[in-house]
Amino acid sequence: MRISGIRCVEYVGALPADRPFWDQRLRRPVDLYPEYADRGPEQLVRRDDGTLEVRQLFLHVDTDEGITGTTAVLSSDQAHLLRTTLRNTVVGLDPLAGARVWDIAYRSMIHGRAGAGMLALSALDCALWDIRGQHFGVPAHVLLGGPTRDAAPAYASTLGDSLEPDAVAARTKELRALGFRGLKWFPRWGPNDGRAGVRKVVELVETVRAAGGDDLEIMLDAWNSWDIPFTVAVARETEHLRLRWIEEPLLPDDTAGLAALRDLVAGRTQLAGGEHEYTHWGVARLLRHAPLDLYQADPHWGGGISEMNRIGALISAAGRQFIPHGQSLQCNAALTFSASPGLIPELEYLLRLGPLYQHFLADPIRPVDGVVHAPTTPGLGMRLNEEAIHDVREL
Ligand SMILES: [Mg+2]
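Worth saying up front: this structure is predicted, and the values here are computed from it rather than measured.

**Structural notes on the UniProt feature "domain: Mandelate racemase/muconate lactonizing enzyme C-terminal" (unreviewed entry) in the protein**
The positions that UniProt labels "domain: Mandelate racemase/muconate lactonizing enzyme C-terminal" (unreviewed entry) are, in the present scheme, residues 165-268. Secondary structure over residues 165-268 splits into 51% helix and 13% strand, and the C-alpha atoms at its two ends are 24 Å apart.

**Some words on the domain arrangement of the protein**
Along its sequence, the protein is organised into domain 1 (3-137) and domain 2 (142-381). Computed over C-alpha atoms only, the centres of domain 1 and domain 2 are separated by 21 Å. Listing elements by their share of the side of domain 1 that touches domain 2, those giving two or more residues are β1 (3-15), β2 (52-63), β3 (68-74), α3 (98-108) and α4 (115-136). Take the side of domain 1 that touches domain 2: its biggest share by element is 14 residues, from α4. In terms of residue class, the side of domain 1 that touches domain 2 is made up of 20 nonpolar, nine polar and eight charged.

**Details of the pairing of strand β4 (residues 151-157)**
Side-chain direction in a regular strand flips from residue to residue, so the side chains alternate between the two faces of the sheet. Counting buried positions along β4 yields six of seven residues, so the element is predominantly enclosed. In this structure, β4 lies alongside strand β12 (residues 371-373), joined through three bridges in antiparallel fashion. Each bridged residue has a counterpart across the sheet, and for alanine 152 the counterpart in β12 is valine 372. Where β4 meets strand β11 (residues 347-350), four bridges bridge the pair, whose relative direction is parallel. By the bridge assignment for β11, tyrosine 155 is matched with glutamate 348. In the sheet, β4 pairs with strand β5 (residues 182-185) via two bridges, with the strands oriented parallel. Within β5, the residue paired with serine 157 across the bridge is lysine 184.

**Regarding unusual backbone geometry**
In most cases, non-glycine residues show a negative phi, while peptide bonds are predominantly trans. In this structure, valine 73 follows alanine 72 across a cis peptide bond, with omega equal to 5°. Its location among the elements puts valine 73 in strand β3. The omega torsion across glycine 146 and proline 147 is 0°, close enough to zero to call that bond cis. Mapped onto the elements, proline 147 comes out in the loop between α5 (140-143) and β4. Within the chain, threonine 279 stands out as a residue other than glycine whose phi angle is a positive 60°. By C-beta crowding, threonine 279 is classed as buried, having 21 other C-beta atoms within 10 Å.

**Quick word on the packing of α4 against helix α11 (residues 304-317)**
Axis angle and axis distance: for two packed helices, these are the angle between their axes and the distance between the axes, and together they describe the pair. It is at 6 Å that the axes of α4 and α11 come closest, and there the two elements cross at 95°. Taken together, the axes of α4 and α11 are roughly perpendicular relative to one another. Contacts between α4 and α11 pair Leu121, Ser122, Asp125, Cys126 and Trp129 from the former with Gly304, Ile305 and Ser306 from the latter. Grouping the constituent residues of the contact of α4 with α11 by class yields four nonpolar, three polar and one charged.

**Notes on the environment of leucine 163**
Here leucine 163 lies in the loop between β4 and α6 (165-177). Sequence-wise, leucine 163 and glycine 302 are 139 residues apart; in three dimensions their C-alpha atoms are separated by 30 Å.

**Points about the pairing of strand β8 (residues 270-273)**
Bridge count between strand β7 (residues 243-247) and β8: three bridges; the pairing is parallel. Its bridge partner being in β8, tryptophan 245 is matched across the sheet by glutamine 270. Note on the crossover from β7 through helix α9 (residues 255-265) to β8: the handedness is right-handed. Summarising the sheet, β8 and strand β9 (residues 294-295) pair through two bridges and their orientation is parallel. Bridge pairing in β9 links glycine 273 to tyrosine 295. One crossover worth recording links β8 to the parallel β9 by way of helix α10 (residues 279-289), and it is right-handed.

**Section: the packing of helix α8 (residues 228-237) against α9**
In the contact formed by α8 and α9, the axes pass within 10 Å of each other and the chain directions differ by 25°. In terms of orientation, α8 lies roughly parallel with respect to α9. By crossing handedness, the relation of α8 to α9 is classed as right-handed. On α9, the residues that touch Ile228, Thr231, Val232 and Ala235 of α8 are Gly257, Ala260, Leu261, Leu264 and Val265.

**A closer look at the environment of leucine 356**
Along the chain, the position of leucine 356 falls in helix α13 (residues 353-357). With 17 C-beta atoms packed within 10 Å, leucine 356 lands in the partly exposed category. Along the sequence, leucine 356 and arginine 107 sit 249 residues apart, while their C-alpha atoms lie 34 Å from each other.

**Overview of the sheet that holds β1**
On the basis of which strands lie adjacent, the open sheet formed by four strands has the order β3-β2-β1-β13 and antiparallel pairing. Of all the strands in the sheet, the pair left with one neighbour each is β3 and β13 (391-394). Direction aside, neighbouring strands of the sheet carry axes that sit 25° apart on average. Sheet strands in contact with helix α2 (residues 76-90) are β1, β2 and β3, and its direction is about 165° off that of β1. Sheet strands in contact with α4 are β2 and β3, and its direction is about 145° off that of β3.

Criteria and thresholds
- All residue numbers refer to position in the chain's written sequence, counted from 1.
- Side-chain atom pairs in this predicted model are given and counted only at pLDDT of 80 or more, local residue features only at pLDDT of at least 70, and totals for whole chains, interfaces and linings cover all residues.
- UniProt positions are given in the numbering used here, feature names are shortened, and annotations may be inferred rather than shown by experiment.
- Secondary structure elements follow DSSP: runs of H or I no shorter than four residues count as helices, runs of E no shorter than two count as strands, and numbering proceeds from the N terminus.
- Residue ranges assigned to each domain were obtained from an automatic or database domain assignment.
- Ten residue types, Ala, Val, Leu, Ile, Met, Phe, Trp, Tyr, Cys and Pro, are classed as nonpolar, four, Asp, Glu, Lys and Arg, as charged, and the remainder, Gly among them, as polar.
- Residue burial is a threshold on neighbouring C-beta atoms within 10 Å of the residue's own C-beta, all placed from the backbone, with 20 or more meaning buried, 12 or fewer meaning exposed, and counts in between meaning partly exposed.
- Any two strands between which DSSP finds at least two bridges are classified as paired.
- Every axis corresponds to a line fitted to the C-alpha atoms, with the helix fit spanning only the stretch in contact, and the corresponding angles, defined between N-to-C directions, vary from 0 to 180 degrees.
- Angles are sorted into four bins: roughly parallel if under 35 degrees, roughly antiparallel if over 145, roughly perpendicular if 65 to 115, and oblique for all others.
- C-beta atoms are placed from the backbone for every residue, and two residues are taken to be in contact when these atoms lie within 7 Å.
- Call a crossover right-handed when, viewed with both strands pointing away from you, the route from the first strand across the helix to the second goes clockwise.
- Should the near helix be turned anticlockwise from the far one by less than a right angle, the crossing is termed left-handed; should it be turned clockwise, right-handed.

So this is what it looks like as structure tokens:
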């Protein structure tokens, strides 16, 4: 089999909604500057008919045997590099020989070893797993030795939810009733909010604990936006509330800071990170210099499903756990259901982005009673829902 073409296609559809898509956004590192902190979420465009416009870029990798592998959702940077650099490199190669394609693509694009280039290579790698699964007529996790179990728990990431206490309490109860056993929240406050900011974060956790009960797992994602004193204060003042972890409190390159922080919060909560790390070499450096409790590399960003397998082996050998970041449920299901539950105990489900990123898919993955079942569709299960597609534009 040969790769015969690479297409980046924009699909346009609509989402019925009587209110803006986002109630809140996550805190970003640049929010340290007040003129950026004040900016609200970037909302989906509301169309004349009242619906919200959904516009997403997909990668389709075509083969000379009629099988097409698909990955979604791409950034415009990813799409550009796929259409230019990577297309010229990989058209004509055998998509079944994925390790060879990965190595050739990586070696041909040395500036692409991180950032947008690695995101592009990651999308290509995931699409090749989709091709291989379809070729052999099995889900991608079966190619990797799965299923290791029939179902895995999913924790809910509340990215985009209101942080007003009444709304937080109501949402927590609603999600508990849906069967979620763990909730991750995204505080907007950080170091520039001083003591009041710490207090707001503690209040958030208090609200979730009170509404969710003793058995709920509670996590916080600081999205690279805190510093050591702020994180230590939050860990210290939420100790009695039993936070399961604090995620990405510092900038991803600050491995010395992460190493220091891990000692400072040890015993109070766990430190999670690695969502913005690339390749097994990057995660190996992180493991060496800033051993975290939990790693969260993303198959769509950090090197694809192939690279996540190598990363999983490194994390396992270091005695830590791995919950891939939840950009693609299809890719994460391939990894989760081919890994030991001891290494990948659960999946992340982003309550708003999960459905949005699967808007154009015919077989979306959705947790039921807080668990995701092992997919049975061949490849990654990326069949398109033609009814959701109102317009198509190939780049
Ligand atoms: Mg995160």
